[in-house]
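Structural overview
Each chain is listed here by its residues.
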Amino acid sequence: MTFDLTSHVPAFGTSHSQGAAEYPGLDDWRELPIKQAPQWDDAEALASAVDELSSVPPLVFAGEVDVLRARLAEAAEGRAFLLQGGDCAETFAGATANRISSRVKTLLQMAVVLTYGASMPVIKMGRMAGQFAKPRSSDTETRDGVTLPSFRGEIVNGFDFTPEARRHDPSRMVKAYHTSASTLNLVRAFTTGGFADLRSVHSWNKGFMANPAYARYEEIAGEIDRAVRFMGAAGVDFTALRTTEFFAAHEALLLDYERALTRLDSRTGLPYTTSGHFLWIGERTRDLDGAHVDFLSKVRNPIGVKLGPTTKPDDALALIDKLDPEREPGRLTFITRMGAGKIRENLPPLVEAVKASGARVLWVTDPMHGNTVTAANGFKTRRFDDVMDEVSGFFEVHRAAGTHPGGMHVEMTGDDVAECLGGADPIDESAFADRYESLCDPRLNHQQSLEMAFVVTEALSHPNRR
Ligand SMILES: O=C[C@H](O)[C@H](O)COP(=O)(O)O
Ligand SMILES: C=C(OP(=O)(O)O)C(=O)O
Ligand SMILES: [Mn+2]
């Protein structure tokens, strides 16, 4: 199947039955050990939220999810590249037109650069319209001798350090649904209404290049500019490049929410989680016999699993057997997040074991979560160079193994925040006090995100230059 910047979001040709889906196995997770689950103390409020979510319209449609699976199958075969990006933790207040458009814009800008570098279609996917639940290292947080429950994402509790805000409140799931719906509505409008026009995206990239700090990317930028002008001269119909496919993804951490939004596809009778096109299982909840892996094994959406540095080859193989027993192309994505210092040692055994098993997963790098450090002034941060080093290690390992480095998963924003250190126009710690906005992990800002796309493109299109 071909995919390029011309393809449209498919027509919403499939409907879903309303009401909570009944399907064998969909509730098995309730009997299994579960990690990172909220402590809802109001059973009535929980029942009411779940009830409401069981009858609201789906956010995504089964037909779109199937299209995505086909796109991911292409990426697994080395014929497309996946770009996943967005906030670590979306916020309700952050769902404004400006912030959503700048994030989508940044992702589209990155995608154009990467399309050139990889010479293949880039599948665009936001950690957006549902990325509200956070796993935490600790259940509690202590400040000045006061201990409260940790912030777990706005779908569970509030960020303010007060007992009221930190209470786990099931009604937040309904607010998360509505915030996701309005976010996705805007994303669909942007990506199908002309905002994604290749020529506009390209001209935004020219704005980025105006900063002399990025002079080293001028050659690549010039090549892309010539390619776009060549397309025009050759008579390419740019009207077809005014829209693009864009998919929504989030960590399927909060199973009460995911289960309530699961519907049976009217065409096939099979269960789809309609909270997003792509769902992933986090590093902390990927236990083979746990609730999360079981629930996601039962739905038809393409599934990702984060694999951290302690993953053993047998863990990866067992996850394949459980989540993709039919070895269905595009079904399973492994998102590795090893850390720059570990990827070259820890990734090869996994890649080799999966390759030897004959399974075809899509391999994606998350160069963020293995590279978190604490800055001297106490902020959680990541160094741009470490992030880029993990990306390089990812490409090196796959090149050596003869497997496909199929995509990147990044925490990023379109805003001018200061959360990650470095970049050619460097951010230093002193900027954190005023411009650190993330409620959880540090994101690449607009400039750092685009620079990442240029560095990767440089490495892909001129592999011997650096
Ligand atoms: O986004 C990922 C996790 O929620 C995050 O890295 C956990 O951070 P913590 O170690 O501060 O809890
Ligand atoms: C929680 C996250 O990552 P991981 O599960 O890899 O730690 C995340 O993607 O925000
Ligand atoms: Mn994160």
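One structure accompanies this document, and this report is about it. (Residues numbered from 1 in each chain as written. Chains lettered and ligands numbered in written order. Predicted model: local features only at pLDDT ≥ 70, side-chain atom pairs only at ≥ 80, totals over all residues. Heavy atoms only, no water.)

1. Details of the site of ligand 2
Of all residues adjacent to ligand 2, which total 13 residues, the nearest are Arg127, Lys134, Glu283, Lys306 and Arg337. In this structure, an oxygen atom belonging to ligand 2 sits 2.8 Å away from a main-chain N or O atom of Glu283. Between ligand 2 and Glu411 there is a distance of 3.1 Å, counted from an oxygen atom to a side-chain nitrogen or oxygen. Expressed as a share of its isolated accessible area of 300 Å², the protein-covered part of ligand 2 is 98%. (Near = heavy atom within 4 Å. Polar contact = N/O pair within 3.5 Å; in protein donor to acceptor, adjacent residues only side chain to side chain. Areas by Shrake-Rupley, 256 points an atom, 1.4 Å probe, with all protein chains shown as cover.)

2. Some words on the coordination of the manganese ion (ligand 3)
Of the protein atoms, only Cys88 (SG), His369 (NE2), Glu411 (OE) and Asp441 (OD) coordinate the manganese ion (ligand 3), at distances of 2.1 to 2.5 Å. Geometry at the manganese ion (ligand 3) is irregular, judged from the six donor atoms that bind it and their angles of 70 to 172° at the metal. Mapped onto the polypeptide sequence, the residues donating to the manganese ion (ligand 3) form the spacing pattern C-x280-H-x41-E-x29-D. Of the two residues, Cys88 sits in the loop between strand E1 (81-86) and helix H3 (97-118) while His369 sits in the loop between strand E11 (362-365) and strand E12 (373-374), which places them 281 residues apart along the sequence. Judged on exposure class, the residue Cys88 and its partner His369 are both buried. (Donors = N, O, S within 2.8 Å, 3.2 Å for Na, K, Ca; no water. Tetrahedral: all angles 85-135°; square planar, octahedral: opposite > 155°, others 65-115°. Helix = DSSP H or I, 4+ residues; strand = E, 2+ residues; numbered from the N terminus. Buried < 20%, exposed > 50% of the residue type's maximum accessible area, 1.4 Å probe, protein only.)

3. Examining the layout of surface pockets
For the largest pocket, the calculated volume is near 490 Å³. Residue lining of the largest pocket: 27 residues in total, with Arg136, Arg284, Lys380, Cys440 and Asp441 positioned closest to the centre. The biggest single contributor to the lining of the largest pocket is strand E3 (residues 140-143), with three residues. Classifying every residue of the lining of the largest pocket by side-chain character gives six nonpolar, seven polar and 14 charged. (1 Å grid on protein atoms, 1.4 Å probe; cavity = no way out; pocket = protein on both sides within 12 Å on 5 of 7 lines; lining within 4 Å. Points joined across faces, edges and corners; volume = space filled by probe spheres on them. Nonpolar A, V, L, I, M, F, W, Y, C, P; charged D, E, K, R; others polar.)

4. Details of the packing of helix H6 (residues 198-209) against helix H7 (residues 218-233)
Between two packed helices, both the angle of their axes relative to each other and the distance between the axes serve to describe the pair. Closest axis-to-axis distance for the H6/H7 pair is 11 Å, and the angle between their directions is 155°. Taken together, H6 and H7 sit at an angle that is classed as roughly antiparallel. Two packed elements cross with a definite hand, and for H6 against H7 that hand is left-handed. Across the interface between the two elements, Leu198, His202, Lys206 and Met209 from H6 touch Glu218, Ala221, Ile224, Asp225, Val228 and Met231 from H7. (Axes fitted to C-alpha atoms, helices over the stretch in contact; angles between N-to-C directions. Parallel < 35°, antiparallel > 145°, perpendicular 65-115°, else oblique. Left-handed = near helix turned anticlockwise from the far one by under 90°. Contact = heavy atoms within 4.5 Å.)

5. So, the environment of Gly232
Inspection of the secondary structure puts Gly232 in helix H7. Sequence separation between Gly232 and Arg199 is 33 residues; the distance between their C-alpha atoms is 9.9 Å.

6. Some points on the sheet that holds strand E14 (residues 405-411)
Judged by pairing direction, the barrel is parallel, and its eight strands sit side by side in the order E1-E2-E5-E8-E9-E10-E11-E14 before closing back on the first. Adjacent strand axes in the sheet meet at a mean angle of 25° when their direction is disregarded. (Pairing = 2+ DSSP bridges.)

7. Here's the deal with the pairing of E1
Along E1, six of the six residues are buried, which leaves the element largely enclosed by surrounding structure. Along E1, one buried face is formed by Phe81, Leu83 and Gly85 and the opposite face, lined by Leu82, Gln84 and Gly86, is buried too. Pairing of E1 with strand E2 (residues 122-127) involves five bridges; the strand directions are parallel. Looking at E2, one finds that Leu82 is bridged to Ile123. Tracing the backbone out of E1, into H3 and back to the parallel element E2 gives a crossover that is right-handed. Across five bridges, E1 lies against E14 in parallel orientation. Note on E14: the bridge partner recorded for Gly86 is Glu411. (Right-handed = clockwise from strand over helix to strand, strands pointing away.)

8. Looking at empty space enclosed by the protein
This model, assessed by the stated rule, comprises three cavities of 30 Å³ or more. Computed from the structure, the second largest cavity encloses a volume of approximately 40 Å³. What lines the second largest cavity is simply Gln36, Pro38, Ala133, Lys134, Arg152, Val156, Leu253 and Leu254. Here the residues of the lining of the second largest cavity sort into five nonpolar, one polar and two charged.

9. Some points on the packing of aromatic side chains
Counted by the stated rule, this structure contains 15 aromatic pairs. Judged by centre distance (6.4 Å) and plane angle (75°), the ring pair of Trp29 and Phe295 falls under edge-to-face. Note that Trp29 is positioned in the segment before helix H1 (43-55) and Phe295 in helix H9 (residues 291-297), a separation of 266 residues in sequence. Assessed through its relative accessible area of 0%, Phe295 is described here as buried. Their ring planes at 40° and their centres at 4.9 Å tell us that Phe379 and Tyr436 sit as a pair that is tilted. Residue Phe379 is located in the loop between E12 and strand E13 (380-381), and its partner Tyr436 is located in the loop between helix H13 (432-435) and helix H14 (446-461); the two are separated by 57 residues in the primary sequence. A connected cluster of aromatic rings, assembled from ring pairs, spans Phe208, Tyr214, Tyr217 and Phe454. It is Lys105 that lies over the ring of Trp204; its NZ or CZ is 4.6 Å from the centre. One residue, Arg166, lies across the ring of Phe159, its end atom 5.9 Å from the ring centre. (Phe/Tyr/Trp six-rings, centres within 6.5 Å; stacked < 30°, edge-to-face > 60°. Lys NZ or Arg CZ within 6 Å of the ring centre and 35° of its normal.)

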